[in-house]
Amino acid sequence: MIVDDQKHREADLLARIEKIQHVLRHKARPEGYILLKKDVIIPQLERALEKVREGSHGECDDCPEAIPERRLKASPGAIRCLSCQTKFEKSRAVS
Ligand SMILES: [Zn+2]
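Conventions used here
- Residues numbered from 1 in each chain as written.
- Predicted model: local features only at pLDDT ≥ 70, side-chain atom pairs only at ≥ 80, totals over all residues.
- Helix = DSSP H or I, 4+ residues; strand = E, 2+ residues; numbered from the N terminus.
- Buried ≥ 20, exposed ≤ 12 C-beta atoms within 10 Å, placed from the backbone.
- Contact = placed C-beta atoms within 7 Å.
- Core = buried A, V, L, I, M, F, W, Y, C linked by C-beta atoms within 7 Å.
- Expected span 1.5 Å × (residues − 1).
- Bend = angle between axes of the 7 residues up to and from the residue.

Visitor: Which parts of the structure should I look at to understand the overall build of the protein chain?
Guide: When you go through the protein chain residue by residue, the secondary structure sums to four helices and zero strands. In the protein chain, the order of α-helices and β-strands from amino to carboxyl end is α-α-α-α. Along the first, second and third principal axes, the C-alpha set of the protein chain runs to 40 × 30 × 20 Å. Going through the 95 residues of the protein chain one by one, you find that 13% of them count as buried. A separation threshold of at least 6 residues defines the contact pool for the protein chain, and within that pool the share at least 24 residues apart is 50%.

Visitor: Which parts of the structure should I look at to understand the nonpolar core?
Guide: The tendency in soluble globular proteins is for nonpolar side chains to be buried side by side. One finds Leu13, Leu45, Ala48, Leu49, Val52, Ile67, Ala78, Ile79 and Cys81 forming the largest nonpolar core, which totals nine residues. Here this core takes four residues from helix H2 (residues 31-54), the largest share from any one element. Apart from the residues lying within four places of it in its own chain, the contact partners of Ala78 are Ala48, Ile67, Arg71 and Leu72.

Visitor: Can you walk me through the environment of Ile79 in this structure?
Guide: Note that Ile79 resides in the loop between helix H3 (69-74) and helix H4 (82-92). Through-space distance from the C-alpha of Ile79 to that of Ile20 is 18 Å; in sequence the pair is 59 residues apart. Discounting residues that sit within four places of it in the chain, Ile79 has contacts with Gln44, Arg47, Ala48, Lys51 and Asp61.

Visitor: Help me understand H2 in this model?
Guide: Each turn of an α-helix holds 3.6 residues, which means side chains three or four residues apart point in the same direction. Compared with an ideal rise of 1.5 Å per residue, which puts 24 residues at 34 Å, H2 spans 33 Å between its outermost C-alpha atoms and is within 8% of the ideal. Of all bends in H2, the biggest is about 40 degrees, found at Lys37. Residues Leu45, Ala48, Leu49, Lys51 and Val52 constitute the buried set of H2. Positive phi shows up at Gly55, right after H2, with a value of about 85 degrees.

In short, geometric facts, not functional conclusions.
Set out below in structure tokens:
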């Protein structure tokens, strides 16, 4: 069951990455959208995929907290708990 779950998560994350890459290759999108996907969303999904493979998916990358299952269900690419994610987003926000 655990292995199935891992395979399912891997497949789900790969599908999400492919879908975004497809949109970026074939559709015109505002520059801000493209940059966000390329610089933030895809690396984050790739990191989440790596975490699934190394068995740390569901653990925050920045602190020892676990990422609540509810949050992982809502955003499978989550690699940080909510408070670390908020800090991260504030730190990279440009005005
Ligand atoms: Zn955290």
